[in-house]
Structure formats: C-alpha cells, structure tokens
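Examining the three-dimensional arrangement
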Protein chains: 2
Amino acid sequence: MSSPQRQLHFNAFLMCSGHHEAAWRLPESNPFANTDLGHWRDLAQIAERATFDSLFLADGPAVRANPEFRPAGALEPTILLTALAAATSRIGLIATASTTYNEPYNLARRFASLDHVSGGRAGWNIVTTADTASAQNFGLDDRPGHRERYARAAEFVDVSSRLWDSWEDGAELGDKAGGIYADVTRIHRVDYEGRYFRVRGPLNVPRPPQGRPLLVQAGSSQDGRDFAARYAEAIFTAQQTLADGQEFYADMKRRARGLGRDPGQLKILPGIVPVIGSTEAEAHALSDELEELIIPAYGLAQLAKTLEVPPGLLDLDRPLPAEVFGRPLVEGAQSRAQLITDLARRENLTVRQLIGRLGGGRGHRTFTGTPEQVADTIQDWFDRGAADGFNVMPAALPSGLRAFADHVIPIFRRRGLFRTEYTGRTLREHYGLPRPGSQFTPARPRGVPEPVA
Amino acid sequence: MSSPQRQLHFNAFLMCSGHHEAAWRLPESNPFANTDLGHWRDLAQIAERATFDSLFLADGPAVRANPEFRPAGALEPTILLTALAAATSRIGLIATASTTYNEPYNLARRFASLDHVSGGRAGWNIVTTADTASAQNFGLDDRPGHRERYARAAEFVDVSSRLWDSWEDGAELGDKAGGIYADVTRIHRVDYEGRYFRVRGPLNVPRPPQGRPLLVQAGSSQDGRDFAARYAEAIFTAQQTLADGQEFYADMKRRARGLGRDPGQLKILPGIVPVIGSTEAEAHALSDELEELIIPAYGLAQLAKTLEVPPGLLDLDRPLPAEVFGRPLVEGAQSRAQLITDLARRENLTVRQLIGRLGGGRGHRTFTGTPEQVADTIQDWFDRGAADGFNVMPAALPSGLRAFADHVIPIFRRRGLFRTEYTGRTLREHYGLPRPGSQFTPARPRGVPEPVA
C-alpha cells in the first residue's frame, strides 16, 4: 500500500466460558473457568497473538446472574488484568469499574498502578452500575437515579483526571547527591470540591506511563451519550442494525465535534457475537446447539430483570406484553431495555424466541456464518460509517476467540485493514490516541514550591 | 531431629529502596524503584529463594512522606502483589489496606481475587489509617477518632468474613448435563446491618482457596491490642527492648486465650531493621553511611508529624521538649508516638540523635552487626517469649534483603529453626494456621433454596 489505510480496531470482550448464557454447558467448556487463571491466560495469549488492540472485562459489584443456572461470581477485573499483564506484553487491558460504588482516590490509584505494572496498557471502562443488588451491597436500599449516577460519574472522572495529572511528567528527579528526590513544584494538590467528592490530593502514585488510562464508556442512553461525548476515548456499544449503528456513530462523532474534540479521537466499537463455522451449516449447527442448552427459566428471569417487570408478566410462548412498550424510561440500563423491546417488536418475537436471540450476548448483535461472512459484515459497518472497529464477544470461550483469531483476523490482514504486528507499546498507541499532557503543567516559571504533604 | 522443633517465621517487609529514610541516596540504589516492577520482582524472588513465609507492603491512601526528600508514592499493594504473584509460586503476599477508606464489599472481593490468582497466598494487614492527609482525600476534614476507627474496623472485618464465607466450599457443581451450575442453598446472603455498614451479599467471588485471607494487624495501642486479640492471626509489632517484647507477647497471648482462642494461632512478629556486615566494623560503617545521608529537615518534619506537634517545637540539638511527655494520647498512631517518646527519654537523646535512631525504621528496632549477631538476637527473642518470628525490614533494598537471605537464613537452617524448603502451598500453611470453615456451613439438611440474586 502506498498511502496509509484506515485501520480496524478489535477489542476482545472476555467472559468466563463465553457470552452465550449456555456456553458453560458445551462439552468443551471448563465450568469453573471463572476462577481459573490458566483459562484467562490462555484467552489473553490467543488475543495477543492475533494482535487485538485490547482485552476487556465487564463487571459489577454483586451477584447478578442466578448462579443456579450460569457461572456467577468473577475475579475483580483490576486484579485479574494485573495477573494477565504478567502473561502478555503488548495487548491493552481494559477493566470495568463503577463510579457509583468506588471512591476516586482509590480507583484512580489502582488504574495508575495497573498502568505502571503493565507498561502503559491500562484502560478503564466507566460504568455507573444500574442494578439494585449492587446498591444493597453498599448500604443503599436502591440505586441512585439514572441522571444522578451520571452526574456523580462526571465528577468522578474529573477528580480522577486531576489525580493522574497531579504529578507532572519528570517531577521525580532522583538527585541522590543533592538529596532532592522530587521537584515538589511539579507535584500538585488537586483541591477538588464538588457535589459528590472533596479530594485534596496529590495522588500517591507518580504519573502513569500513558498519562491517564484509556477511558472507555458503554452506555448509550441520552445521559450516557452526553457523558461519552465529553469523556470517552472509546465506546463499546450495542447496535442491532447497520442503520442504528450509523445513527449512533454519526451522533457520537457530532457530539464530540460539538464539544471541540477531534472526532477521530473517539473510537466507536459496536459489539458482535460471532458464531463461526467453516461452512454456514456448521455455524448454524453451533448456534442451534447453544440455543438448545438455554434454560428458559433463567433467560426469562434475566429478561424480566433488564426490562424491570415482574417475571410473571412474561409468557414464554407469547410476545412481550403491551405494558413494556411506551413506558417511561427505566432507571436501570435504559438503552439496553429499549434495544430489547425494539428488537422484539421489529421481528415480532415470542418471549422464548427473544430469549434465544438474547442468549448470545444480552442485546449485542449475534452474527452466525463463515469467517468470510463475519469479515464482510464487519467491513461493511466499518466502510459505511457505523464502526471504527469491533468489540468481539465470542459466544463460547476459548473456541470462539480462537476461531476469530485464526480465521477472521487473517482476512483483515490480507485486506490491509488490520495490523500484522504491534507497532506501539501502549494501549493508547494501539488505538491511535495521543498521550494527554498534565493539566497542571504550567506556563509559569518553576521554583515556587507548593506544600503537598 | 527426632521431635519437631518450634520453627521461626519470617516476613519480608518490602519498602522501595529500603526502610532507612536515606537508603535511596546510596550509590547502589535505584531512586525510581517505587514504580519499577523489575525491582519488586527481584525482591520477591530473593525472599522466595530464602523461603520466607511472606512478603508485605505497608500502605496509606495519601502522599505521606515529603517527596522533596524521600521517594513518595507507591503502587497500590493488591495490584503490586498480584504482579508479584505471577513472578513467584509459594511465598505469601500480604497487602495493607485501610478499613477507614474502603468499602467491605470491594475490599473483600479484591482479597478473594488475589487469593484465587495466587493459589491461596493472600494476606491482609488491617489498618485504620491514622493520618489527616488520607482523610482529606476522602471528603473529610480530619480522620475519625482512634476508638471510632477501630469500631469501624471491627465491623469491616466481620462483614468481610461473612462475605468470604458466603459461598460454601463446593457450592459450584458445574453440572453441565443437568444444567445446574451451583447449589444455591450453599450460597448465602450475608444481610449485615451494623453501625457503619449494611451489606446484603453474597460476595460475587466463589470462596477463596484459603477460605479467608490471612488476617494481620500491626497496631499496639489498647484499641489495637483488643482488635488484634479478636481478629488477627499474625501481628507485626514495633518493640525496642526484649522486656517490652516479652510484655507485649505475653499480653497478646493472654488476651487471645481470654477470648477462647488458641494462642498458638496468633503469631507475633516484632520488626527488626538489620544492618548487616561481614564484620562488626563493616556493619557500623554501613550504618554510619546511612545516617550521614539523612536530611535533618525531613526527619524533623516526620517526627513532628508522628508526635502531632508543630515542627517549630523541636530543636535538633536539644532533647524532646517537656510538652510531648505525659500528654493525652494522640488520635493518630498512638503506640508509635509512645514508643518514640519512651526511646528518647530512656536514652536521653537529642532530636538529632532520635532522628538518627528512627531513620532506619520509624520506631522499629534497628540492630547493627554480623549475621551471627543478628541471628543470635532474633533467637534470643524467640527463645525468651518475645517472638514467634520476625518482620524483617532491611535498611537498604535489595542489598539488605540479600544479606539476610544469604547469610542469616542459613544460620537458622543449620540450627534447625527454619525451613529449608516450603512444605505448604498456602500462606496459612507457611504460618501453621488452619483454613477456617465457612460460618454458613450448617448442620441443617440441604435442599431448601434461599434467594441469592
């Protein structure tokens, strides 16, 4: 190629035995994968060999699935990703963490620490945590409202950014002879006073290799879009159709531009649950096998929870009842509930059919086909303004990730759309995003000390 | 040996370039060790080769030392220890974390996760965090009072223990054919309602390999002793004299017995800062070299902070002023302040001399001598009822740890007082402590489900 071509980005969204809720029941699956470090190491190394930009772990501070029917409980993501940092050398490591149930000082520090130990590979998927079970693990009867959660999230990220910036680059001098460890004029209190947080600072970790971890966001509600346009550098989004994907893509880039940001520095990655076979028939056989393993009672309970209706309102062999349409927005996962009711209506699905469709990825788009077909639909969205890359959510793990890595990635490499080896060392470099400067780096002359401790 | 002999336990207390405040200025030191993973890996591997029971990181959520004069800022301990778990296979990993500035659900989960990824090597040094700077990073003007902090700590540990126990052993069935992932009668809500915390549970991590992480405590105030007698399985303590060490040892074992605990299951490890040379002269030369590198202004400020007096009250060339004696107890680090004023009075030290004595270990006992002399004083305390082992705090790192590992450990092996190889796999096994059962494991018959999610 003579001129550099726009490149795809791929994130490997890892989940235990896979995104399909019944994947743990496949003959190949290790049902205890959730706490088996060997399983996770294997996944991370498959993704790194395929030069994925990053891998990613979702999270919430509660048992959310019913453990009777599906593996529940997961290692805390910053811990697990630190363990995976040691098993890899280049791939980015994106952990989900809640702004509603953490304190900025602690969390900013953990991400700074992960960025240090991984050599600049940390990313933070910022979530506000929509469920009630989580609230009840933190002294609350119910979650805060949707808007309230996002207001707190905005403050949380503002404080965190100040903390990451609080040590300017090069503040540590290490002047042994002079007995000066650091230039304290370059280490700053943050003195944040907001509605939710008061934080003095500075952070007790020197500025991390990436300056700040990569900031990722996944909510697609109006509050979520406002938030993402301001703060996110990458968005993981659930979009079922090309048209919806294009609308979302254009809207987010427009919002970013409206805030004075370079829209190229906001990467949009829709989720895809690829179910891959060497022939179409083989792919559909795998899809059928997974669907047959679904436990309807489980799927129905999860659906009722997302839609925030009593399970008794849903009948497996009838369409969604009228009550779930046209209601006020739920306080929980707004955009996900909307996407599910839209899908049910668009395709006129019974509850059982809807559960089958959702089994693969809880509202993310499932695509069943050959490697070429998977590659073609990804490229179609990429070429037609719906994606800068994809959040790859294998239905079963490790097999689905291996199939994507071994059979889909090579297609994009042949097409010149994806790297054949890592050219950068940091997660930001993989996504083509700049390293931010410290907001405290001044034009003022040096030498006027501020008290920091 | 025909009958098993009581064995020493050794914990390697790691700190950046060493416990001596001027260690970073030594020619051998890497002044940027605090964020250099290679440095920490090196230390962990030295300690593991010497079959130390554990390594340990102190911590607090604030910049506490003045970074102008000493490396400040440190990677968060659960993250750093996870990275070190990957570089080792047997040694225990003890992280300090604050009960005042964390939430039990988050912290219990991180320790459970560290225990899983390390194969049962996690320990938690429970601290209440005495300083004001930390409070100001969490929305408070000042720290809570001493008694208040310990009351919260007690609830915190109670909640955490329930969370670790909330999945009984073997709750995960992984029955693929039957479609039953877990026996939900063995996964429990904790429904804790206390003065400080309300937590519903269950934890979202299956029960960790050790059941619970090893619980360690270091406070020696009256509140600290009460707390440790109830909860701690190992105590890291600062004792300057054999008599004080014996008093503390006997008192703690008596308190544990009084609470119905087996006193053998409470291990007491005083701190020692060994400054080791192949001859006495060499050891004293190293000690002098370190003392000459002390920056008096720094030592004075730190001393004033611990004693909670204005720095202006202290004069380098005079004894501590009368005001610091016989005051009411400080709200911060009570026992440490007491130990320092006792030391100054006992030895009639000027402030400058006191700073020199404290430079090595902030109130821990410094011992300068040959490997045989270091071994002899350790064995003396061990034989005479002052210690079950020692918390080894090398003045300079890695050299001081290497000297202890290469020259002191072999002496104890020859004397039959320390293991020559690991016999257990978990931290609890190294310390000879049992794996606790889950408090939820009932005598009742199985099969009555409780709702968990």
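In what follows, the structure referred to is the one given above.
Here is a short report on the structure shown in this document.

What counts and what doesn't
- Residues numbered from 1 in each chain as written.
- Chains lettered and ligands numbered in written order.
- Predicted model: local features only at pLDDT ≥ 70, side-chain atom pairs only at ≥ 80, totals over all residues.
- Heavy atoms only, no water.
- Helix = DSSP H or I, 4+ residues; strand = E, 2+ residues; numbered from the N terminus.
- Rg over C-alpha atoms; globule rule 2.2 N^0.38 Å.
- Buried < 20%, exposed > 50% of the residue type's maximum accessible area, 1.4 Å probe, protein only.
- Contact = heavy atoms within 4.5 Å.
- Least-squares fit on C-alpha atoms with pLDDT ≥ 70 in both.
- Expected span 1.5 Å × (residues − 1).
- Core = buried A, V, L, I, M, F, W, Y, C linked by side-chain atoms within 4.5 Å.
- Axes fitted to C-alpha atoms, helices over the stretch in contact; angles between N-to-C directions.
- Parallel < 35°, antiparallel > 145°, perpendicular 65-115°, else oblique.

**Comments concerning the overall build of chain A**
A tally of regular secondary structure across chain A gives 14 helices and 13 strands. Computed over its C-alpha atoms, the radius of gyration of chain A comes to 22 Å, within 12% of the 22 Å expected for a compact globule of 453 residues. Overall, the C-alpha framework of chain A stretches about 75 × 55 × 45 Å when taken along its three principal axes. Within chain A, the fraction of its 453 residues that count as buried is 64%. A fraction of 78% describes how many contacts in chain A between residues 6 or more apart in sequence connect residues 24 or more apart.

**Considering the relation of the copies chain B and chain A**
Once chain B has been moved 0.0 Å along the axis and rotated by 180°, it coincides with chain A to within an RMSD of 0.0 Å. Within this description, the copies of the chain are treated as partners about a two-fold rotation axis. Mapped onto chain A, 100% of the interface residues of chain B are again interface residues, and the two copies thus contact each other with one and the same surface.

**Here's the deal with helix 5 (residues 146-165) of chain B**
Here helix 5 of chain B contains 20 residues, and its C-alpha end-to-end distance of 29 Å stays within 8% of the 28 Å for a straight helix at 1.5 Å per residue. Counting buried positions along helix 5 of chain B gives 15 out of 20 residues, so the element sits mostly inside the fold.

**What about the nonpolar core?**
Judged by nonpolar contacts, the single largest core of 162 residues is most densely connected at Phe 10 and Phe 52 of chain A together with Phe 10 and Phe 52 of chain B. Beyond its immediate stretch of four places on either side in the chain, Phe 52 of chain A contacts Phe 10, Asn 11, Ala 12, Ala 47, Ile 91, Val 392, Leu 401, Phe 404, Ile 409, Phe 418, Arg 419 and Tyr 422 of chain A. The next biggest cluster of nonpolar side chains, apart from the first, holds 43 residues, and it includes Ala 234, Val 273, Val 309 and Leu 427 of chain A.

**Remarks on the packing of helix 9 (residues 296-307) of chain A against helix 11 (residues 351-358) of chain A**
All names here are of chain A. In the contact formed by helix 9 and helix 11, the axes pass within 10 Å of each other and the chain directions differ by 85°. Taken together, helix 9 and helix 11 sit at an angle that is classed as roughly perpendicular. Touching Pro 296, Gly 299, Leu 300 and Leu 303 of helix 9 are Val 351, Arg 352, Leu 354, Ile 355 and Leu 358, all from helix 11.

**What to know about the environment of Thr 366 of chain B**
Relative to the helices and strands, Thr 366 of chain B resides in strand 12 (residues 365-369). For the pair formed by Thr 366 of chain B and Pro 394 of chain B, sequence separation is 28 residues and the distance between their alpha carbons is 9.5 Å.

**Focus: the side chain of Ser 17 of chain A**
All names here are of chain A. Within the secondary structure, Ser 17 sits in the loop between strand 1 (9-13) and helix 1 (37-49). A relative accessible area of 3% means that Ser 17 is categorised as buried. Look past the residues within four positions of Ser 17 in its chain and what remains in contact with it is Ala 23, Trp 24, Ser 29, Asn 30, His 39, Pro 71, Ala 395, Ala 396 and Leu 397.

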